[in-house]
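Observations on chain architecture
What follows is the residue order along each chain.
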Amino acid sequence: MRIVLGADSAGKPLLDVIAAHLKGRPDLEVKDLSRDGFYADTAGHAAGAIAAGEFDRGILFCGTGIGVAISANKVPGIRAAQTHDTYSAERAAKSNDAHIITMGARVIGPELAKAIVDTWLAAAFDPKGPSVANVEAITRLEQSHRPA
């Protein structure tokens, strides 16, 4: 699985923890696409790379996880979910087919962040499961608001 990471200056310390945690896993290709400047720049760049098919999933960090989630969700076709516990990480994947999870480095600690990432990576969306209609509704909503 190809994973993109990204953070602003506030999220960088937690990104470094997660990058080290994922390093050496033979099932993962991990790349940091952080950019200098606003968190929107990093989130947009990473989400755009996922939307273009260059990566499968992404993990983004800022101070709260809110700014990168909002920014990533502006990229058409992307579903980013802010996660600060393992249950929301699991549901982000299983119920919402989230391409990206976000976390706040000023909100959660490194050990919980590792558990969140591991939970999310282990969870998978079931394309025949009960949440398919909800994800399809999200896609229709997004498409209905695209400029003509």
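As named in an unreviewed UniProt entry, the protein chain is Ribose 5-phosphate isomerase B, taken from Labrys wisconsinensis. The annotation that UniProt attaches to the protein chain under Sequence similarities (unreviewed entry) is "Belongs to the LacAB/RpiB family."

What follows covers the pairing of strand E1 (residues 2–7). Most of E1 is tucked away: five of the six residues are buried. Taking the sense of rotation as the criterion, the β-α-β connection linking E1, helix H1 (residues 12–22) and strand E2 (residues 29–32) turns out right-handed. When E1 meets strand E3 (residues 57–62), the two strands line up parallel, connected through five bridges. Across the sheet, the residue bridging to Gly-6 is Leu-60, located in E3.

Backbone hydrogen bonds hold the strands of a sheet together, and the pairing may be parallel or antiparallel. An order of E2-E1-E3-E5-E4 is seen for the five strands of this open sheet, with the pairing classed as parallel. The two strands at the open ends of the sheet, each matched to only one other strand, are E2 and strand E4 (80–82). Between one strand and the next, the sheet's axes are offset by a mean angle of 20 degrees, whatever the strand orientation. Relative to the sheet, helix H2 (residues 39–51) contacts E1, E3 and strand E5 (100–104), its axis offset from that of E3 by approximately 175 degrees.

The rules behind the values
- Residues numbered from 1 in each chain as written.
- Predicted model: local features only at pLDDT ≥ 70, side-chain atom pairs only at ≥ 80, totals over all residues.
- Heavy atoms only, no water.
- UniProt positions renumbered as here; feature names shortened; annotations may be inferred.
- Buried < 20%, exposed > 50% of the residue type's maximum accessible area, 1.4 Å probe, protein only.
- Helix = DSSP H or I, 4+ residues; strand = E, 2+ residues; numbered from the N terminus.
- Right-handed = clockwise from strand over helix to strand, strands pointing away.
- Pairing = 2+ DSSP bridges.
- Axes fitted to C-alpha atoms, helices over the stretch in contact; angles between N-to-C directions.
- Contact = heavy atoms within 4.5 Å.

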